[in-house]
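Observations on the model geometry
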Amino acid sequence: MKVKIEPSWEVALQDEFEKDYFKQLIHFVKEEYKIHSCYPPGKQLFSAFDHTPFTKVKLVIIGQDPYHGPGQAHGLCFSVPEGISPPPSLINIFKEIESDLQIPVPQSGNLERWADQGVLLLNATLTVRAHQAGSHQNKGWETFTDRVISILSENKEGLVFLLWGGYAKKKGAMIDRERHLVLTSGHPSPLSANRGLWFGNRHFSIANDYLLERNKKMIQW
C-alpha cells in the first residue's frame, strides 16, 4: 500500500506503513470518508509532514484531534486556513507569543508559516468525523504518531518539543530528555489558560534561545 507523504518521511516511516494496524487504520479512514463528512480534506491528511520534512524538523508541537467544524482543519495542529477565525486556543497561543516576544497578534490563524520553518504541527489523531470530537481516536492513529515521536527522538539531536496539557505530556513519554528540550505547560484552551496554567510559560523565547545555542535558525513566530 502506497501512502502519499513527503519523501524523507516516507523513508523514515516505511516500516510503519507495512504494519497490519496501519493497513487497518487506512481502511477505516477510507470507509469513514466515504460514509461521513470527515476532516481534514483527504489531500491534507498528511499536511504536517508535507510542510515539515523529516530532514528539517527543529521543533514539535503536539495536539490531540483535528478541529471538527467545517473548514477549520487542514492537517496542522492548532492551525486554521486563511479566512477562518482563529479558535480560542490559538488566540491564547498568539497572546502568549505577544507577551513573550512582543510580536503583535496576527490576523491569520494559518500556521503554515511555522511549519515551513521546521515546526512539526502534529495531532495525535489525524482525522475526525464532522462535529464529533474524538470520533477517530483509538483506531490506530495514536500508535502511528507515537512512532513518529519515537523516530524523531531516536534519530535527531537538539529538537524542541512543546507539550501543552495532560494529553500531550503523556504523548511525550518516549522523548529522550538528554538529547532534546521538552517544555511543558497547561493547555492554551480557555479552561486551562484562565486557571493560570498557560500564560507566562515563555515557551517561544525559550525554544528560540535553545535553537540559537545549537546554531540553528530561530523560529519567526
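Going by the structure above, here's the rest.
Residues numbered from 1 in each chain as written. Predicted model: local features only at pLDDT ≥ 70, side-chain atom pairs only at ≥ 80, totals over all residues. Heavy atoms only, no water.

Remarks on unusual backbone geometry
The residue after Tyr39, namely Pro40, is reached through a cis peptide bond having omega -5 degrees. Looking at the element boundaries, Pro40 is found in the loop between β1 (38–39) and α3 (47–51). One non-glycine residue with positive phi stands out, namely His131, at about 65 degrees. Checked against the element boundaries, His131 lands in the loop between β4 (128–129) and α6 (141–155). One non-glycine residue, Arg202, lies in positive phi territory at about 55 degrees. Its place among the elements puts Arg202 in the loop between α8 (190–193) and α9 (203–213). (Helix = DSSP H or I, 4+ residues; strand = E, 2+ residues; numbered from the N terminus.)

With respect to the nonpolar core
Note that soluble globular proteins tend to have their nonpolar side chains buried in a common cluster. By size, the foremost hydrophobic cluster in this structure holds 66 residues, and its most contacted members are Phe49 and Phe144. The greatest single-element share of this core, amounting to six residues, is contributed by α6. Apart from residues no more than four positions distant in its own chain, Phe49 is found in contact with Ile5, Glu6, Trp9, Leu13, Leu120, Leu122, Leu126, Phe144 and Val148. (Core = buried A, V, L, I, M, F, W, Y, C linked by side-chain atoms within 4.5 Å. Buried < 20%, exposed > 50% of the residue type's maximum accessible area, 1.4 Å probe, protein only. Contact = heavy atoms within 4.5 Å.)

So, the sheet that holds strand β5 (residues 160–164)
Ordered by their spatial adjacency, four strands build an open sheet running β3-β2-β5-β6, and the pairing between neighbours is parallel. On the outer flanks of this sheet lie β3 (119–123) and β6 (181–185), each paired with one strand and no other. Strand after strand, the sheet turns through a mean of 20 degrees between neighbouring axes, direction not considered. Pairing of β5 with β6 involves five bridges; the strand directions are parallel. Within the sheet, the bridge partner assigned to Leu162 lies in β6 and is Leu183. Running at roughly 155 degrees to β3, α6 makes contact with β2 (59–63), β3 and β5 of the sheet. (Pairing = 2+ DSSP bridges. Axes fitted to C-alpha atoms, helices over the stretch in contact; angles between N-to-C directions.)

Let's talk about the state of the cysteines
The final tally for this structure, using the stated rule, is zero disulfides. Cys38 carries a free sulfur, and the closest cysteine sulfur to it, the one in Cys77, is 20 Å from it. (Disulfide = S-S within 2.5 Å.)

Points about the side chain of Asn201
Position of Asn201 relative to the elements: it lies in the loop between α8 and α9. What makes Asn201 buried here is its relative accessible area of 13%. In this structure Asn201 touches Glu96, Ser185 and Ile206, once residues within four positions along its chain are discounted.

A closer look at the side chain of Glu142
Looking at the element boundaries, Glu142 is found in helix α6. No salt bridge is formed by the buried Glu142, whose closest oppositely charged neighbour, Lys171, lies at an N-O distance of 6.4 Å. Once you skip the residues sitting within four places of it in the chain, Glu142 turns out to touch Ala124, Thr125, Gln137, Tyr167 and Lys171. (Lys, Arg positive; Asp, Glu negative; His and termini not counted. Salt bridge = Lys/Arg side-chain N within 4 Å of Asp/Glu carboxyl O.)

Considerations on the pattern of salt bridges
For the structure shown, the criterion picks out ten salt bridges. Taking the shortest distance from any N to any O, the salt bridge between Arg202 and Asp100 comes out at 3.5 Å. You can see Arg202 sitting in the loop between α8 and α9 and its partner Asp100 sitting in helix α4 (residues 88–101), a full 102 residues away along the chain. Because the salt bridges share partners, they merge into one network encompassing Glu16, Lys19, Arg147 and Glu154.

Examining helix α1 (residues 7–17)
Taken as a whole, α1 has its buried residues at Ser8, Trp9, Leu13, Glu16 and Phe17. Viewed end-on, α1 has its buried residues packed into an arc of 155 degrees, placing them on one side of the element. Turned more than 90 degrees away from the buried face of α1 sit Pro7, Val11 and Asp15, all of them exposed. Buried residues along α1 sit in contact with α2 (20–35), α3, β3 and α6. (Arc of directions from axis to C-beta.)

Here we look at the packing of aromatic side chains
Going through the model one piece at a time under the given rule, you end up with 19 aromatic pairs. Measuring from centroid to centroid gives 6.5 Å for Phe94 and Trp114, while their planes differ by 90 degrees, and the two rings are edge-to-face. Highlighted residues: Phe94 in helix α4 and Trp114 in helix α5 (residues 112–115), separated in sequence by 20 residues. Residue classification places Phe94 among the buried positions, given a relative accessible area of 3%. Seen in terms of ring centroids, Trp198 and Phe204 are 6.5 Å apart; in terms of plane orientation they differ by 75 degrees. Their pairing is edge-to-face. Both residues of the pair, Trp198 and Phe204, count as buried. The positively charged end of Lys156 is found above the aromatic ring belonging to Phe54, 5.1 Å away from the centroid. The ring centre of Tyr210 lies 3.6 Å from the NZ or CZ of Arg214, which sits over that ring. (Phe/Tyr/Trp six-rings, centres within 6.5 Å; stacked < 30°, edge-to-face > 60°. Lys NZ or Arg CZ within 6 Å of the ring centre and 35° of its normal.)

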